[in-house]
Amino acid sequence: MRRGFVNVLQPGQKALIVSNGKFAERWSSYATTFGVEKKELKPEYGQHVTAEQISTELKAAKYDAVILVHSETSTATVCDLQAIAKAVRASGDTLLIVDGITSIGAMPFKMDEWGIDVADKRAARRR
């Protein structure tokens, strides 16, 4: 997960991070570690973010990336990734970075068709 983050974002860039569970919270910590400015969307545990929420945020401010977990197993939520990707694409040149560790291969995930820029399907190793 960390590689997908540091390979496309530089210190000082801005990310909209959906933080809706324990695994999503890692993305927020990466932003802090690597100097990426962040705004967190924090739905209550058990709730998922909607395309409308993402679209509203992208209209209010410019972000270099939107980062989310497709299937957040710690809270048993799955977002409508296709609709969210469409909202991100409509915003212009904002990247969409997706943690698909528990979704790729288990549910529909059409990276090219939907316009997902970075997808990670490997669990982070603890060192």
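Residues numbered from 1 in each chain as written. Predicted model: local features only at pLDDT ≥ 70, side-chain atom pairs only at ≥ 80, totals over all residues. Heavy atoms only, no water.

S.K.: What exactly am I supposed to notice about the sheet that holds strand β1 (residues 14-18) here?
M.R.: Sheets are built from strands that pair by backbone hydrogen bonding, the pairs being arranged parallel or antiparallel. Here five strands make up an open sheet; going across it, the order is β2-β1-β3-β6-β7 and the pairing parallel. Where the open sheet ends on each side, the last strands, each with one partner, are β2 (37-41) and β7 (118-120). Taking the axes of each pair of neighbouring strands and ignoring which way they run, one obtains an average angle of 15° across the sheet. (Pairing = 2+ DSSP bridges. Helix = DSSP H or I, 4+ residues; strand = E, 2+ residues; numbered from the N terminus. Axes fitted to C-alpha atoms, helices over the stretch in contact; angles between N-to-C directions.)

S.K.: Please clarify how helix α4 (residues 81-90) should be interpreted in this entry.
M.R.: Owing to its 3.6 residues per turn, the α-helix aligns residues three or four sequence positions apart on the same side. Every buried residue belonging to α4 is among Leu81, Ile84, Ala85, Ala87 and Val88, and all of these are buried. Around the axis of α4, the buried residues are gathered within 160° of arc, so they sit on the same side. α4 presents Lys86 and Ala90 as exposed residues on the side facing more than 90 degrees away from its buried surface. Each element contacted by the buried residues of α4 is listed here: α3 (51-60), β3 (65-69), β6 (95-99) and α5 (111-114). Note on α4: the residue one or two positions beyond its end, Gly92, has a positive phi of about 115°. (Buried < 20%, exposed > 50% of the residue type's maximum accessible area, 1.4 Å probe, protein only. Arc of directions from axis to C-beta. Contact = heavy atoms within 4.5 Å.)

S.K.: What exactly am I supposed to notice about the nonpolar core here?
M.R.: Taken as a class, soluble globular proteins show a tendency for nonpolar side chains to be buried jointly. One finds Ile54, Val66, Leu68, Leu81, Ile84 and Leu96 to be the most contacted residues of the largest nonpolar core, which totals 21 residues. Within the residue set of this core, elements represented by two or more residues are β1, α3, β3, α4 and β6. What Val66 contacts, discounting residues up to four positions off in sequence, is Leu16, Ile54, Leu58, Val88, Thr94, Leu95, Leu96 and Ile97. Counting residues in hydrophobic clusters, the runner-up holds 14 residues, among them Trp27, Val36, Ala65 and Ile97. (Core = buried A, V, L, I, M, F, W, Y, C linked by side-chain atoms within 4.5 Å.)

S.K.: Whenever I open this one, the side chain of Thr94 confuses me. Can you help?
M.R.: Here Thr94 shows up in the loop between α4 and β6. By relative accessible area, Thr94 is classed as buried at 3%. Within the structure, Thr94 has its side chain in polar contact with the side chain of Ser91 (distance 3.3 Å). The residues contacting Thr94, other than those within four sequence positions of it, are Leu58, Lys62, Tyr63, Asp64, Ala65, Val66, Val88, Arg89 and Asp117. (Polar contact = N/O pair within 3.5 Å; in protein donor to acceptor, adjacent residues only side chain to side chain.)

S.K.: Looking at this model, I keep getting lost on the packing of aromatic side chains. Mind explaining?
M.R.: Any aromatic ring pair is given by two values, namely how distant the centres are and how the planes are angled relative to each other. By the definition in use, this model includes one aromatic pair. Relative to Tyr30, the ring of Trp27 has its centre 5.8 Å away and its plane inclined at 85°; by these criteria the two rings are edge-to-face. In this pair, Trp27 and Tyr30 both sit in helix α2 (residues 24-34), three residues apart, roughly one turn of the helix. Of the two residues, Trp27 and Tyr30, both sit in the buried class. Against the face of Tyr63 rests Lys14, its NZ or CZ located 5.2 Å from the ring centre. (Phe/Tyr/Trp six-rings, centres within 6.5 Å; stacked < 30°, edge-to-face > 60°. Lys NZ or Arg CZ within 6 Å of the ring centre and 35° of its normal.)

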